[in-house]
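Summary of the model geometry
Given next are the chains, with one letter for each unit.
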Amino acid sequence: AEMMFLDEHGERVNMSHAIASDPAADSPMIWGATSAIDGLNETKWFSYSMSALQIRFPSDLILTSFSFTTAVNYSSFSPVEWTLYMSKDGIDWEILQDQKTPCEMPVTSRKSQWFPT
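Okay, so let's go over this structure. These numbers come from a predicted model, not from an experiment. (Residues numbered from 1 in each chain as written. Predicted model: local features only at pLDDT ≥ 70, side-chain atom pairs only at ≥ 80, totals over all residues. Heavy atoms only, no water.)

Let us now look at the sheet that holds strand E1 (residues 2-7). Where strands meet in a sheet, backbone hydrogen bonds hold them as pairs that are either parallel or antiparallel. Spatially, 3 strands are ordered E1-E4-E7 in an open sheet, and the strand pairing comes out antiparallel. Bordering the open sheet on either side are E1 and strand E7 (115-116), each of which pairs with just one other strand. Pairing analysis gives 6 bridges linking E1 to strand E4 (residues 63-69), with the strands arranged antiparallel. Paired with Leu6 across the two strands is Ser65, which belongs to E4. (Pairing = 2+ DSSP bridges. Helix = DSSP H or I, 4+ residues; strand = E, 2+ residues; numbered from the N terminus.)

Spelled out as structure tokens, the structure:
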């Protein structure tokens, strides 16, 4: 799976300096959190407990939308509901997007639509 974000200029955010982590640390080693931002659609992040994926950027950003591509071999692992939070300090969190109704994923590409934040 791959996470993608657009900034306030509609440009895709460079993820090469971002750091991804899984606070529960319950992912298989080959499917760790860094796989969600490595730029490869062939890799995936997976959490047995469906824990949060945290992405830390090296500087403040204004994110206007996000999208993700899921693994084609395990459609049952695709996210269908989520909450996207943002924090400048890692303590106080603001909800950017709250998907409470199941989201349909395309069957062929596994790439989601762009969701506004």
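Attention now moves to unusual backbone geometry. Although it is not a glycine, Ala25 sits at a positive phi angle of roughly 50°. Following the sequence through the fold, Ala25 ends up in the loop between strand E2 (19-21) and strand E3 (54-56). One non-glycine residue with positive phi stands out, namely Met50, at about 55°. Position of Met50 relative to the elements: it lies in the loop between E2 and E3. Residue classification places Met50 among the exposed residues on the basis of a relative accessible area of 76%. (Buried < 20%, exposed > 50% of the residue type's maximum accessible area, 1.4 Å probe, protein only.)

Another point: the packing of aromatic side chains. One pass over the full model with this rule turns up 9 aromatic pairs. Between Phe66 and Trp82, the aromatic rings sit 6.2 Å apart at their centres with planes inclined by 80°, giving edge-to-face as the arrangement. Note that Phe66 is positioned in strand E4 and Trp82 in strand E5 (residues 82-86), a separation of 16 residues in sequence. Residue classification places Phe66 among the buried residues on the basis of a relative accessible area of 3%. Members of the aromatic cluster, connected to one another through ring pairs, are Phe5, Phe57, Phe66, Phe68, Trp82 and Phe115. (Phe/Tyr/Trp six-rings, centres within 6.5 Å; stacked < 30°, edge-to-face > 60°.)

Our next topic: the side chain of Gln97. Mapped onto the elements, Gln97 comes out in strand E6 (residues 94-99). In terms of polar contacts, Gln97 uses its side chain to reach the side chain of Trp82, at 2.8 Å. For Gln97, the contacting residues outside a window of four places in its chain are Phe66, Trp82, Thr83, Leu84, Phe115 and Pro116. (Polar contact = N/O pair within 3.5 Å; in protein donor to acceptor, adjacent residues only side chain to side chain. Contact = heavy atoms within 4.5 Å.)

A few words now on the pattern of salt bridges. For the structure shown, the criterion picks out 2 salt bridges. Across the salt bridge formed by Lys88 and Asp60, the nearest N and O atoms sit 3.9 Å from each other. You can see Lys88 sitting in the loop between E5 and E6 and its partner Asp60 sitting in the loop between E3 and E4, a full 28 residues away along the chain. Comparing Lys88 with Asp60 shows no difference in burial state: the two are exposed. Note that Lys100 and Asp98 form a salt bridge whose closest N and O atoms lie 3.3 Å from each other. Assessed through its relative accessible area of 59%, Lys100 is described here as exposed. Look at Asp98 and you get partly exposed, because its relative accessible area is 34%. (Salt bridge = Lys/Arg side-chain N within 4 Å of Asp/Glu carboxyl O.)

All right, on to the nonpolar core then. Core analysis: the largest hydrophobic core is formed by 18 residues, its most contacted members being Met3, Phe5, Ile37, Phe57 and Phe66. When contributions to this core are tallied by element, the ones reaching two or more residues are E1, E4 and E5. Of all the elements, E4 adds the most residues to this core, at 3 residues. Each residue touching Ile37, except ones within four places of it in the same chain, is listed here: Glu2, Met3, Met15, Ala18, Ile19, Ala20 and Ile55. (Core = buried A, V, L, I, M, F, W, Y, C linked by side-chain atoms within 4.5 Å.)

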